[in-house]
Amino acid sequence: MKPLLINGEHITTSNALENRNPSDENDVIDTHAQAGIAETQTAIAAARAAFPAWSRSGPQARHDLLRAVSDEILARRAELGELLAREEGKTLPEAIGETVRAARIFDFFAGEALRLTGDIVPSVRPGVGVEITREPVGVVGVISPWNFPIAIPAWKIAPALCYGNTVVFKPAELVPGCAWALIDIIQRAGAPAGVINLVTGPGGVVGQAMLDAPEVDAISFTGSVDTGRKVAAASVARMRKFQLEMGGKNPLVVLDDADLDTALDCAINGAFYSTGQRCTASSRLIVTEAIHNRFVEELASRTRALRVGHALHNDTQIGPVVDATQLRQDLDYIRIGRSQGGNLRAGGDLVRRDTPGHFLQPALFTDTTNDMRINREEVFGPVAAVIRVRDYDEALQVANDTEFGLSAGICTTSLKHASHFKRNARAGMVMVNLPTAGVDYHVPFGGTKGSSYGAREQGRHAAEFFTTVKTAYTLP
Ligand code: NAD
């Protein structure tokens, strides 16, 4: 059994949860201790006790810790990538890519630890000095989803530690393996006891105990809208800082003047890679009239040709759906799409392989309208729908007609339309001739409307959430 990590110690519990491989349900990767309310409170108390010393530790200690974590993740990327592919179902190259990304994030924040600055400004009152500095927020609760088991924890934990906060980390139930490996690395790299704590366990118990604890000063959450609302309500009630990254219903607009191959690559990658289980996945493909039929014809044949299979097999392009519950949700939406008049043009069937896994051929709908449920609700699986529109103006209007606003893409060779779309797409991230998914690790990440709430994550903007600004006045 992999234990909890609280106050620098391994803690076992009487109950444990199996971590199973979605490519092969017979493959039990490990078992993980399950925290309850008491263990969560112990972890929060440990983080509280560790905070004063860590908040004063200084840039060199924080740099050295984060740098050592980055180095070990990078050195072990093949092994950690394999673990990630086994527990989450991304293909091995995708999983190794995510692992390398996590290492780079720690490296980036190792540098940021050395670059923290403040301002000294003249006061409007003669003789008075004004200093503006950033201070850590305190104990940060990190609650993460299953779809990026190492990168999302990395992009929350690295900046939290960089700016002098201590952390209680609760990963998603489906991916405790990468979480354990990451926290084990941070602990062995020299994090003082209590600076980082891992509490694996159910969201309704461990996550809720974190939300209910007045000693948690800030919550960084990524996951579904429903859980995000609970985080928000509990945090507002306690006047606690919080940030939410939630769902998407991301549009990819394809205009008549697009390069067809580029548009097809963007659609296949954005809609179906990582089994469509990305908050930035392109689930609505909004296509103008003159290119529509050629685009749809070619996209349907490419969708049928995608090789679905075991995440660790060399020729697999699309790994399994993460678990039976998510697979049921995907199949439900495929049924709903058909019942509301969508044309299931390619895929959508269960696929049998040598191992018992949750394999689904990516589904492409055509002849859909933006008011259908498959175009309004997040499926979070390999399901995409084409919406035919007259022209750019209608494409933009449809793209923005959603309650989400994470990422929006356009494929066009027109500078005029690309520029207009960048300014007018109501999304936190805009992609021109690139898939809606796939972002850099050193720049801000986040959305608008129902997709995100609070300060941006990643890059230098992370300081906004993980620090509090102090303004000090001195009359010498
Ligand atoms: P989820 O909301 O079910 O779970 C997210 C986390 O919240 C898990 O760790 C879970 O255990 C925990 N949780 C559940 N109930 C809780 C409660 N009452 N109190 C506190 N914590 C609780 O989401 P998921 O199914 O793991 O992830 C999929 C969702 O995440 C999708 O909607 C996807 O779009 C979103 N997501 C968003 C981004 C982004 O950056 N915008 C990135 C990845 C995933």
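The preceding data block contains the structure.
Residue indices follow the written sequence of each chain, beginning from 1 at its first position. Thresholds applied to this predicted model are a pLDDT of at least 70 for local features of residues and 80 or more for the giving and counting of side-chain atom pairs; totals over whole chains, interfaces and linings are not thresholded and use all residues. Side-chain numbers here rest on the full set of heavy atoms in the structure, without hydrogens or water.

Peer 1: Explain the overall build of the protein chain to me, using residue names and the numbers behind them.
Peer 2: Numbered from the N terminus, helices here are DSSP runs of H or I no shorter than four residues, and strands are runs of E no shorter than two. From N to C terminus, the protein chain includes 15 helices and 20 strands. Computation of the radius of gyration draws on C-alpha atoms alone. For the globule rule, the value is 2.2 Å times the number of residues to the power 0.38. A compact globule built from 476 residues would reach a C-alpha radius of gyration of about 23 Å, and the protein chain, at 23 Å, matches this within 12%. Reported as C-alpha extents along the three principal axes, the dimensions of the protein chain are approximately 70 × 60 × 40 Å. Type-normalised accessible area, obtained with a 1.4 Å probe on protein chains alone, sets the label of each residue: buried when under 20%, exposed when over 50%, and partly exposed for intermediate values. The buried share among the 476 residues of the protein chain stands at 58%.

Peer 1: Lay out the layout of surface pockets in plain terms, naming residues and giving numbers.
Peer 2: The definitions used throughout rest on a 1 Å grid laid over the protein atoms alone, on which a cavity is an enclosed set of points accommodating a 1.4 Å probe that cannot get out and a pocket is an open set flanked by protein within 12 Å on both sides along at least five of seven lines; lining residues are those having an atom within 4 Å of a point. Grid points are joined across faces, edges and corners, and a volume is the space filled by probe spheres set on the points. In this structure, the largest pocket spans a volume of roughly 1,000 Å³. W146, G223, S224, V225 and T227 are, among the 39 residues lining the largest pocket, the residues nearest its centre. For the lining of the largest pocket, the secondary-structure elements that each account for two or more residues are α7 (203-212), β10 (218-222), α8 (225-237) and α11 (324-339). Of all the elements, α8 adds the most residues to the lining of the largest pocket, at six residues.

Peer 1: For the packing of aromatic side chains, give the residues involved together with the corresponding values.
Peer 2: What counts as a ring pair is set by centres within 6.5 Å for rings of Phe, Tyr and Trp (its six-membered ring), and what kind of pair is set by the plane angle: stacked under 30 degrees, edge-to-face over 60, tilted for all other angles. On inspection of all chains with the given rule, the structure shows six aromatic pairs. For the ring pair F108 and F109, a centre distance of 5.0 Å and an interplane angle of 85° mean the geometry is edge-to-face. Exposure class is identical for F108 and F109. Each is buried. Measuring from ring centre to ring centre gives 5.0 Å for F465 and F466, while their planes differ by 90°; the resulting arrangement is edge-to-face. Side by side, F465 and F466 carry an identical accessibility label, which is buried. An aromatic cluster is built from F108, F109 and Y163, whose rings are joined through pairwise contacts. One Lys or Arg, K2, reaches over the ring of W180 and ends 5.3 Å from the middle of that ring. Only when the NZ atom of a Lys or the CZ atom of an Arg is both within 6 Å of the ring centre and within 35 degrees of the ring normal do we say a charge sits over the ring.

Peer 1: Just give me the short version of the pairing of strand β18 (residues 429-432), but keep the residues and values in it.
Peer 2: Covered by surrounding structure in β18 are M429 and M431 only, the residues V430 and V432 on the alternate face being uncovered. By the convention used here, strands pair only if DSSP detects at least 2 bridges between them. When strand β17 (residues 407-411) meets β18, the two strands line up parallel, connected through four bridges. Of the residues in β18, the one forming a bridge with I410 is V432. The path from the first strand over the helix to the second decides the hand: if it runs clockwise while the strands point away from the viewer, the crossover is right-handed. Regarding topology, helix α14 (residues 415-424) serves as the crossover connection from β17 to the parallel β18, and that connection is right-handed.

Peer 1: Please give an account of unusual backbone geometry that cites residues and values.
Peer 2: Despite not being glycine, N7 has its phi angle at roughly 55°, a positive value. Tracing the chain through its elements places N7 in the loop between β1 (4-6) and β2 (9-11). With relative accessibility at 35%, the residue N7 sits in the partly exposed group.

Peer 1: Explain the packing of helix α13 (residues 392-400) against α14 residue by residue, including any values.
Peer 2: Here, axes are lines fitted to C-alpha atoms. For helices the fit covers the stretch in contact, and angles between N-to-C directions go from 0 to 180 degrees. The contact between α13 and α14 brings their axes to 11 Å, and the two run at 25°. The orientation of α13 relative to α14 falls into the category roughly parallel. Here α13 and α14 pass one another in a crossing that is right-handed. Each of Y392, L396, A399 and N400 in α13 lies in contact with α14, whose residues at this interface are H417, H420, F421 and N424. When grouped by side-chain class, the residues that make up the contact of α13 with α14 number four nonpolar, four polar and no charged. Every angle not falling under 35 degrees, over 145, or within 65 to 115 is termed oblique; those three ranges are roughly parallel, roughly antiparallel and roughly perpendicular. Should the near helix be turned anticlockwise from the far one by less than a right angle, the crossing is termed left-handed; should it be turned clockwise, right-handed. Residues are treated as being in contact if the distance between any of their heavy atoms lies within 4.5 Å. In this classification, the charged set is Asp, Glu, Lys and Arg, the nonpolar set is Ala, Val, Leu, Ile, Met, Phe, Trp, Tyr, Cys and Pro, and all remaining amino acids, among them Gly, are polar.

Peer 1: Any details on the pattern of salt bridges? Residues and values, ideally.
Peer 2: When charged atoms on two side chains of opposite charge get close, those side chains can pair. Salt-bridge detection follows one rule: a side-chain nitrogen of Lys or Arg within 4 Å of a carboxyl oxygen of Asp or Glu. All told, the structure shown has 26 salt bridges when counted by the stated rule. The closest approach of N and O atoms between R460 and E112, which form a salt bridge, is 3.1 Å. Here the residue R460 occupies a position in the loop between β19 (452-453) and α15 (462-466), and E112 occupies one in helix α4 (residues 92-114), the gap between them amounting to 348 residues. In this structure, the salt-bridge partner of D401 is R376, at a minimum N-O distance of 3.1 Å. One end of the pair, D401, is in the loop between α13 and β17; the other, R376, is in helix α12 (residues 373-376), and 25 residues separate them in sequence. For R376, a relative accessible area of 29% gives the class partly exposed. One salt-bridge network, in which partners are shared between bridges, spans E72, R76, E79, D184 and R188.

Peer 1: Break down the pairing of strand β7 (residues 139-143) for me, citing the residues and quoting the values.
Peer 2: Most of β7 is tucked away, with five of its five residues classed as buried. Neither face of β7 is exposed, since V139, G141 and I143 on one face and V140 and V142 on the opposite face are all buried. With five bridges connecting them, β7 and strand β8 (residues 166-170) associate as parallel partners. Each bridged residue has a counterpart across the sheet, and for I143 the counterpart in β8 is K170. A crossover connection joins β7 to the parallel β8 through helix α5 (residues 151-162); in handedness this β-α-β unit is right-handed. When β7 meets β10, the two strands line up parallel, connected through four bridges. Across the sheet, V142 pairs through a bridge with S220, a residue of β10.

Peer 1: Go over the sheet that holds strand β5 (residues 119-122), please, and point to the residues and values.
Peer 2: Spatial ordering of the open sheet is given by β5-β6-β20, a layout of three strands whose pairing is antiparallel. In the strand order of this sheet, the two ends are held by β5 and β20 (467-474), each with one partner. Neighbour-to-neighbour, the strand axes of this sheet turn through a mean angle of 25°, independent of strand direction. Pairing geometry for strand β6 (residues 129-136) and β20, over eight bridges, is antiparallel.

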